[in-house]
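Architecture and fold: a report
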Amino acid sequence: MTKSKIWVSALIIVTLGLHAVPVLSYQGVGQTRWPFLAWAMYAKSYPPGPVKTTKRRLVATTAAGADAEVTPEMVGLSKSTFRNLYINPLYQGDSTTARELLARINRAREAPFVAIRTEGEIFRLADTGLVTERFPVLSFSSGSPAPSR
């Protein structure tokens, strides 16, 4: 065997051996076989079935009746933090969160918002085309103890 063949073979063996380093060094949740399972793109596969996505919105209303969509930028939060702190609890009917959100967005407003409502759709891709289903609308006013439907 020539020296170049020995070096190429050694390089291949080292490269293959290095694939074991992530498996041996990182044993996270569900990490048992392959190093790329640490990335959600590969680790969280979904079973076959219909494609489904949701779009949820919060709409605030002033006393004069003007509507405005409440966005993460309006509140000063990232999208994921806004979703976890406000959207998810409001869709579960948490009126305390609605009062906190109204207080937060009204801090620097001349015409304060007096109510918030949830809006949204679920989109499913079916054999017959796109199927749209609406979320139930929940309304919260600045002094309401519970959401109204």
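A short tour of the structure in this document, coming up. (Residues numbered from 1 in each chain as written. Predicted model: local features only at pLDDT ≥ 70, side-chain atom pairs only at ≥ 80, totals over all residues. Heavy atoms only, no water.)

On to the overall build of the protein chain. Of regular secondary structure, the protein chain possesses six helices and five strands. The order of α-helices and β-strands along the protein chain, N terminus first, is α-α-α-β-β-α-α-α-β-β-β. The buried share of the protein chain, taken over its 149 residues, is 24%. Of the contacts formed within the protein chain by residues at least 6 apart in sequence, a portion of 52% connects residues at least 24 apart. Total accessible area on the protein chain is roughly 10700 Å²; 61% of this is exposed by carbon and sulfur atoms. (Helix = DSSP H or I, 4+ residues; strand = E, 2+ residues; numbered from the N terminus. Buried < 20%, exposed > 50% of the residue type's maximum accessible area, 1.4 Å probe, protein only. Contact = heavy atoms within 4.5 Å. Areas by Shrake-Rupley, 256 points an atom, 1.4 Å probe, with all protein chains shown as cover.)

Attention now moves to the side chain of Asn106. One can find Asn106 in the loop between helix H6 (95-105) and strand S3 (113-126). Residue class for Asn106 comes out buried when judged on its relative accessible area of 18%.

To continue, consider the nonpolar core. Core analysis: the largest hydrophobic core is formed by 17 residues, its most contacted members being Leu58, Val70, Phe82, Leu101 and Ile105. Mapped onto this core, the elements with two or more residues apiece are strand S1 (51-62), helix H5 (79-91), H6 and S3. A total of five residues in this core trace back to one element, the largest contributor, which is H5. (Core = buried A, V, L, I, M, F, W, Y, C linked by side-chain atoms within 4.5 Å.)

This paragraph deals with the side chain of Arg57. Here Arg57 shows up in strand S1. Side chain to side chain, Arg57 and Glu121 meet in a polar contact 2.8 Å long. Residues within four places of Arg57 in sequence aside, it is in contact with Glu69, Tyr91, Arg117, Thr118, Glu119, Gly120 and Glu121. (Polar contact = N/O pair within 3.5 Å; in protein donor to acceptor, adjacent residues only side chain to side chain.)

Looking at H6, one finds that the buried residues are Ser95, Thr97, Ala98, Leu101, Leu102 and Ile105. Viewed along the axis of H6, the buried residues span an arc of 150 degrees, placing them on a single side of the element. Buried positions along H6 lie against S1, helix H4 (72-75), H5, S3 and strand S5 (139-141). For H6, the side-chain oxygen to backbone nitrogen distance between the N-cap and Thr96 is 3.1 Å, and the N-cap itself is Asp94. (Arc of directions from axis to C-beta.)

Attention now goes to the packing of aromatic side chains. Under the counting rule described, the total for this entry stands at two aromatic pairs. Judged by centre distance (6.0 Å) and plane angle (50 degrees), the ring pair of Phe82 and Tyr86 falls under tilted. Highlighted residues: Phe82 and Tyr86, both in helix H5, separated by four residues, approximately one helical turn. When sorted by exposure, Phe82 lands in the same class as Tyr86, which is buried. Arranged with centres 5.3 Å apart and planes meeting at 70 degrees, the rings of Tyr91 and Phe135 form a pair that is edge-to-face. Placement of the pair is Tyr91 in helix H5 and Phe135 in the loop between strand S4 (129-134) and S5, with a sequence separation of 44 residues. With a relative accessible area of 21%, Phe135 lands in the partly exposed category. Here Arg56 stacks its cationic end above the ring of Tyr91, 5.1 Å away from the centre of that ring. Lying across the ring of Phe113, Arg109 places its NZ or CZ 3.9 Å from the centre. (Phe/Tyr/Trp six-rings, centres within 6.5 Å; stacked < 30°, edge-to-face > 60°. Lys NZ or Arg CZ within 6 Å of the ring centre and 35° of its normal.)

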